[in-house]
Amino acid sequence: MAETELLFKSIPEIGALYRSKAISPLEITRLTLDRIAQLNPSLNAFISLTSEKALEQASRAERELHTGVDRGALHGIPIALKDLIDTAGIRTTCGSRILRDQVPKHDAIITTRLEESGAVLVGKTNLLEFAFGIVHADYGQTNNPYDLNRTAGGSSGGSAAAVAAGLCFAAVGTDTGGSIRIPASYCGVAGLKPSYGLTSLSGVFPLSWSLDHAGPIARSSRDARLMLEAMTGLRLEHPARIKNMRFGVLQREGTDMQPAVIAAFDAAAQALRGAGATVQTIEIPDLELADAALLNVLLPEASVIHAPWIESRPEDYSPLTRMQIELGFAIPAVTHVRAQQFRRHLTRQFLLALRGLDAILSPTVAFVAPKEDPLFAVDAHGVSEGRRTSPYNLCGLPALSVNCGFGDHGLPVGIQIVTRPHEDALALAIGGAIEALMPEARPVPNNDRGIF
Amino acid sequence: MKQLTAELVRDLAYLAGLKLELNRAEALVGALQPVFEGDAAIAKLNLNLQSAVEAVLDEVKNG
């Protein structure tokens, strides 16, 4: 079997090969590290590699599987972590100059859980500085595997690009306004922002404490589910049957929507109808104010976190990150509290809408991957980028992006699936059903602008 | 709405604990205008909230 083919198999497929001894965790890990060495210079998906640790973990996985110790689906599977998730003894930079040399003493809880599941950590992935929307020049942009002249998205771009390019089988990202789902959409992979609080944020550097989520990125909803199960210790299988399900469509239109994105989204909606589901347009009152509310929650919360450094070493931020942090200080407390109250109001509207629905669907992003990451706090294009993802950070609802086709220039298009609180298993099951209904949307990159 | 000025932005930031030079405050004016416009729109809503948590929990319970 071609080596590349192996690295694009699903987690269960590789697991089956391990257990039949057709291939070993050490072999797969070596192949993965070789592929990273080959492609990372052009993708810039990784900040740090953990090759030695990975090979130790892979050897241990091999020994354990051969002696009947089976830690589950992720045993021996190469994964990556966004570089704001603490890894003891391993540099964790947050994509920043300020923490360039930070070496945590302790693992984040997510890190510990994934290690206990037997996963093999191949490296720490690139991100926008402190997850705050801007590339720091010290690290550079992560490029899109489909077109190296475009961004992989952010802020979890390194994790999404690494998964899409076969540099790992799954990764962890974080999401405060769309930072898992936007790069997942741009890179044609599955990315879940779970229910708020489902995954531990202990040891994960915060951007906005009440909006932050950590979640899985993988090449399929099923693999994302396996990753989330390891991160949480929960069983999340769900027997979703699309027939007779009811879906509500939001934000399909808008002056920011690219026609090819609408076409891909409509194809997914039609596939669901063909499978016996009802798909109808819905409205959420006051949704248009979610953009403003997100900024008025996020900016002050981020500013509080960065208060010591913005005073002592402001020049070490990228100029636009510095500006965003300064902005938060100028937002009055009442403005922030009103935005927090608005969140309760918006959540109520969504929960009322979901009473008659199984899930809400929307395009994940209005457009395919742009050349550079737009500025979410100060740029209309940036606000548009997060418009369809950020409401679910405000409300804490689980929201999954999966690939539903290809838009302009053959670039991936994501569809977003949103369910009630703690119905993450249902969201993942619906994502899997869409993937099964639309084999034509399975990313099979074949162009001369990317790495494939 | 009162026009935002660099001096006002500088003073707001100062009250929140950040000393900004006037030129840096000036750079924030354009980005802050839509923030306050959005806040004004939110302020007009009848949010009918008495507790930070209770209203949502009822919906989750009944949903």
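One can find the structure itself at the top, above this paragraph.
As a starting point, this report considers the structure included with it. Every chain is numbered independently, its residues counted from 1 as its sequence is written. All chains are assigned letters beginning with A, and all ligands numbers beginning with 1, in the order in which they are written. Note on the predicted model: pLDDT of at least 70 is required for a residue's local features to be given, and 80 or more for side-chain atom pairs to be given and counted; whole-chain, interface and lining totals, by contrast, use all residues. Only hydrogens and water are removed before side-chain values are computed, so all heavy atoms of the structure are retained for them.

Some remarks on the packing of helix α12 (residues 333–354) of chain A against helix α2 (residues 22–43) of chain B
Lines fitted to the C-alpha atoms define the axes, with helices restricted to the stretch that makes contact. Angles between their N-to-C directions range from 0 to 180 degrees. Numbering goes from the N terminus for both helices and strands, where a helix is a DSSP run of H or I of at least four residues and a strand is a run of E of at least two. Following both chains from N to C, one finds α12 of chain A and α2 of chain B inclined at 55°, their axes separated by 10 Å at the closest point. Taken together, the axes of α12 of chain A and α2 of chain B lie oblique to each other. In this structure, the crossing between α12 of chain A and α2 of chain B has a hand that is left-handed. Side by side, α12 of chain A and α2 of chain B meet where Thr335, Arg338 and Phe342 of chain A of the first sit next to Phe36, Asp39, Ile42 and Ala43 of chain B of the second. Should an angle lie under 35 degrees it is considered roughly parallel, over 145 roughly antiparallel, and from 65 to 115 roughly perpendicular; all remaining angles are considered oblique. Two helices that cross are described as forming a left-handed crossing if the nearer one is turned anticlockwise from the farther one by less than a right angle, and a right-handed crossing if clockwise. The contact criterion used throughout is that any non-hydrogen atoms of two residues lie within 4.5 Å.

Some remarks on the pattern of salt bridges
All names here are of chain A. Think of a salt bridge as a Lys or Arg side-chain nitrogen and an Asp or Glu carboxyl oxygen that are within 4 Å of each other. Inspection of the entire model under this criterion finds 25 salt bridges over all chains. For Arg19, the salt bridge goes to Asp70, with nearest N and O atoms at 2.8 Å. With Arg19 in helix α2 (residues 11–19) and Asp70 in the loop between α4 (51–66) and β2 (78–82), this residue pair connects regions lying 51 residues apart in the sequence. When a residue's accessible area, from a 1.4 Å probe over protein chains only, is under 20% of the maximum for its type it is buried; when over 50% it is exposed; and in between it is partly exposed. For Arg19, a relative accessible area of 36% translates into the label partly exposed. The exposure class assigned to Asp70 is partly exposed, which follows from its relative accessible area of 46%. A network of salt bridges, in which partner residues are shared, links Arg97, Arg100, Asp101, Asp138, Arg313 and Asp316.

Let's talk about the sheet that holds strand β3 (residues 120–125) of chain A
All names here are of chain A. Strand order in the open sheet formed by 11 strands is β1-β3-β2-β6-β8-β7-β12-β13-β11-β9-β10, and the pairing between neighbours is mixed. Sheet topology places β1 (46–49) and β10 (278–281) at the edges, where each strand pairs with a single neighbour. Strand-to-strand, the axes of this sheet are offset by a mean angle of 30°, without reference to chain direction. The strands touched by helix α8 (residues 221–232) are β2, β6 (170–175), β7 (190–193), β8 (213–218) and β12 (399–406); relative to β8, the strand with the most contacts, the crossing angle is about 140°. Any two strands between which DSSP finds at least two bridges are classified as paired.

Remarks on the interface of chain B and chain A
Counting from both sides, the interface comprises 32 residues of chain B and, opposite them, 30 residues of chain A. Both faces considered, chain B and chain A share a buried interface measuring about 2,800 Å² in area, 68% of it formed by carbon and sulfur atoms. Counting every contact that joins chain B to chain A gives 2 salt bridges. Where Arg338 of chain A meets Asp39 of chain B, a salt bridge forms, and the shortest distance between an N and an O atom there is 2.9 Å. Under this definition, polar contacts are N or O atom pairs within 3.5 Å; protein pairs additionally need one hydrogen-donor-capable and one acceptor-capable atom, and for neighbouring residues in sequence, both atoms have to be side-chain atoms. Inspection of the chain B/chain A interface yields 3 residue pairs in polar contact (both at pLDDT 80 or more). For the side of chain B that touches chain A, the secondary structure elements donating two or more residues are α1 (6–15), α2 and α3 (54–62) of chain B. For the side of chain B that touches chain A, the element with the most residues is α2 of chain B, which contributes 12 residues. Along the lines of polarity and charge, the residues of the side of chain B that touches chain A split into 23 nonpolar, 5 polar and 4 charged. Buried area counts how much accessible surface, traced with a 1.4 Å probe, disappears from two parts once they are put together, with both parts' losses summed. Under this grouping Gly is polar, as are all residues other than the nonpolar Ala, Val, Leu, Ile, Met, Phe, Trp, Tyr, Cys and Pro and the charged Asp, Glu, Lys and Arg.

Focus: the side chain of Asn403 of chain A
Residues and elements named next belong to chain A. Position of Asn403 among the secondary structure elements: in strand β12. There is a polar contact of 3.3 Å between the side chain of Asn403 and the backbone nitrogen of Val413. Leaving out residues up to four positions away in the same chain, Asn403 has contacts with Gly188, Val189, Pro412, Val413, Gly414, Ala441 and Pro443.

Quick notes on the nonpolar core
Only buried Ala, Val, Leu, Ile, Met, Phe, Trp, Tyr and Cys residues count toward a nonpolar core, and they belong to the same one when joined by side-chain atoms within 4.5 Å. Membership of the largest hydrophobic core comes to 140 residues, with the highest contact counts inside it found for Leu114, Phe247 and Phe350 of chain A together with Leu32 of chain B. The dominant element in this core, judged by the number of residues it contributes, is helix α10 (residues 290–312) of chain A, at 9 residues. Among residues more than four places away in sequence, those in contact with Leu114 of chain A are Leu74, Ile79, Leu81, Ala119, Val172, Met227, Ala230 and Met231 of chain A. In terms of nonpolar packing, the next biggest core, distinct from the first, is built from 28 residues, Val122, Ala152, Ala162 and Ile180 of chain A among them.

Quick look at the pairing of β12 of chain A
Residues and elements named next belong to chain A. Burial runs high along β12: 7 of the 8 residues are buried. The pairing of β12 with strand β13 (residues 412–418) spans 7 bridges and is antiparallel. Following the sheet pairing, Asn403 is matched in β13 by Gly414. Between β12 and β13, which pair antiparallel in sequence order, lie 5 residues; one of them, His409, sits at a positive phi of approximately 60°.

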